[in-house]
Amino acid sequence: MRSRTKTLVAKGTFARFLPSYYRVNIVSLTNRTGFSRSDVRMDVMKTLFLNPPSYDDFDGGAGSRYQATREVWSFWYPTWLAYPAGMIPGARLLDAPPHNYTPAMTVEEARQYDFVVIHTSTPSLRMDARTAEAIKAANPNCIIAFVGGHPTARAEETLKISNAIDIAARKEFDFSMLEVAQGIDWSKIGGISYQKNGIISHNPDRPILSNEELDSLPFVTEVYEKNLDYLRYNSPYCQYPYVSLYTGRGCPARCTFCLWPQVTQGHKYRVRSPENVYEEVAALKAKFPKMKELFFDDDTFTADPMRARKIAQLIKPLGITWSTNSRANVDYETLKVLKDGGLRLFVVGYESGNAKILENIKKGVRLDRARRFTKDCHDLGILIHGTFILGLPGETKETIEESMRFAREMDCETIQVSLASPYPGTELFEYVTKNGYLAVDPLLDESGYQKCTVQYPGLTNDEIYGAVERFYRSFYFRPRYIFKALRKMATSREECKRLLQEGMQFLSTMRSRRAQSRAAAQSAQAA
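Read on for a plain summary of the structure. Sequence order as written defines residue numbering, which begins from 1 separately in each chain. For a predicted model such as this one, the threshold for reporting local features is a pLDDT of at least 70, and the threshold for listing and counting side-chain atom pairs is 80 or more; totals across whole chains, interfaces and linings nevertheless cover every residue. The side-chain numbers reported here are obtained from all heavy atoms of the structure, hydrogens and water having been left aside.

Our next topic: the sheet that holds strand S4 (residues 92-95). For two strands to pair, DSSP has to find at least two bridges joining them. Runs of H or I in DSSP of at least four residues are treated as helices and runs of E of at least two as strands, each being numbered from the N terminus. Pairing in this open sheet of seven strands is mixed, and the strands run S4-S1-S5-S6-S7-S8-S9 from one edge to the other. The outermost strands of the open sheet, each flanked by one partner alone, are S4 and strand S9 (199-202). Going across the sheet, the axis of each strand differs from the next one's by a mean of 20 degrees, ignoring polarity. Here strand S7 (residues 167-169) runs beside strand S8 (residues 192-196); their pairing, made up of three bridges, is antiparallel. Opposite Ala 168, over in S8, you have Ser 193 as the bridge partner. Whether two residues touch is decided by their heavy atoms; if any such pair falls within 4.5 Å, the residues are in contact. Comment: axis = line fitted to C-alpha atoms, over the contacting stretch for helices; angle = value between 0 and 180 degrees taken between N-to-C directions. Strand contacts of helix H4 (residues 103-110): strand S1 (47-51), S4 and strand S5 (115-119), with the helix running at about 175 degrees to S4, the strand carrying the most contacts. In the packing of helix H5 (residues 125-138) onto the sheet, the strands contacted are S1, S5 and strand S6 (143-147), and the crossing angle to S6 comes to about 165 degrees.

See below:
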């Protein structure tokens, strides 16, 4: 048994009889739901956690932060589904897109289960509902729950979209899904909305998990090992193959566009202990022998600098290369400790090069601070994948150009340029709907390519959409960047192959975007 078994035994002797990946915090479970320990049983429903098939090349499932069609090959781990999958005896996690499961294959697999939990998103909701209907048609007795940001923000809408959806789980759904699988009366399960006999009911929210409870959860990498092929996962900014996990939940930042903190995880950064993180990381090389990089996928891993330092110091002897998400405000001394502990790259949300836009979205990091942070990273040899968003409140043709200049000035290793996506439950959604700036619904067209859904006075959604490619070209087609890329390719055959493949994928995506724009324009003219 793992070292934290004593903690679990202290909370409830029942827990020590569970296999390592089934352990749950029984006392906390009892406290939150109100039923006695004798009600906790292991004769659970046969349960499937499903990231369903979706649009071709669509990142919208259980692990994606930003739901849109990808520019290059990438799949994120379905980490949120892996936690409850590890808590329920005999449960399976099926990540359909990277494992090439067609809708028919998925339904054939899912029909064998009593309880199916599907991770959905706003753009993929209707398609996921069709998957649920096909599963229900194949097995009418199957219970189907939808989880994720959209069921949290719009539980009733989610249930009404299809009679095949029995439950909409809100916010953190780990324990609520466990309780459903255990056969607990739905009316007693916190954090769910459900429909029975045409009547929709909404139970009260359940408390967010504490630091101690996060330590008691199963290691998701054990679930990965059991259910997933890690060689099918790729991140455009991580070394392949990679593995990702969370060391905490929530984010103290107040960015108005960001889905997870506002809707599902909250703004309180709750964390696993450094020792608990070390224990999981120490076993990775044995589980994933070809792994080249670990990614800590917390919204802001550096929100607690001293804890981040402690984790880096603990895992340093393991010799593991790792990367993570960070805001552009980390002090130099912390950066040094993290780099010394194996940090290779930060994913940094710059968002915009315009100070007023950063103020509008409550970014909380000024441009001068971002410049100093970026210089420190360059000096220490820490790479940066910079992310930018076009179409945030206050965007104009001039501010787009400012952001392009700022991106070139930051001179990151790579960048990502996204379109502002106002997801239900966020301040951005409230802002654009209140002011009449929502231009297009739904967020995606039928082929899965993301549309620009916002427009502003003097700036159309088509102009914002078209600026994405110009942004990429202004950054990547610079002589300075081309020279740097050629130098990397000359020193590594593997890097050469990767850059060429990603370059071809990127150019192909840009051609497809232009074709989509032309088709949309022609359709509009014909109408």
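Back to the write-up after that little detour.
This brings us to helix H21 (residues 479-491). The first and last C-alpha atoms of H21 sit 19 Å apart over 13 residues, in line with the 18 Å expected at 1.5 Å per residue. Type-normalised accessible area, obtained with a 1.4 Å probe on protein chains alone, sets the label of each residue: buried when under 20%, exposed when over 50%, and partly exposed for intermediate values. Taken together, the buried positions of H21 are Tyr 481, Lys 484, Ala 485 and Met 489. Each buried residue of H21 lies within a common arc of 135 degrees when the element is viewed along its axis, so the set occupies one face. In this structure, H21 carries Pro 479, Arg 480, Phe 483, Leu 486, Ala 490 and Thr 491 as exposed residues pointing more than 90 degrees from its buried face. To estimate the expected span of a helix, subtract one from its residue number and multiply by 1.5 Å. Relevant arc is that of directions from the helix axis to the C-beta atoms, nothing else.

This brings us to the pattern of salt bridges. We count a salt bridge whenever a side-chain nitrogen from Lys or Arg sits within 4 Å of a carboxyl oxygen from Asp or Glu. Counted according to the given criterion, the structure contains 29 salt bridges. Where Glu 156 meets Lys 160, a salt bridge forms, and the shortest distance between an N and an O atom there is 3.3 Å. Taken as a pair, Glu 156 and Lys 160 lie in helix H7 (residues 155-160) at a separation of four residues, close to a single helical turn. Its relative accessible area of 57% is what places Lys 160 among the exposed residues. Several salt bridges share partner residues, and in doing so they unite Glu 172, Asp 174, Arg 249 and Arg 270 into one network.

Next up on the list: a nonpolar patch on the surface. On the surface, Phe 477, Ile 482 and Leu 486 cluster together into a nonpolar patch covering about 280 Å² of accessible area. As for its position among the elements, Phe 477 is in the loop between helix H20 (461-476) and H21. For patches, a residue must show more than 30% relative accessible area and have no salt bridge; joins then use 9 Å for like charges and 5 Å for nonpolar side chains, namely Val, Leu, Ile, Met, Phe, Trp and Tyr. Shrake-Rupley sampling with a 1.4 Å probe provides the accessible areas, and residues are treated as covered by the protein chains on show and by no other component.

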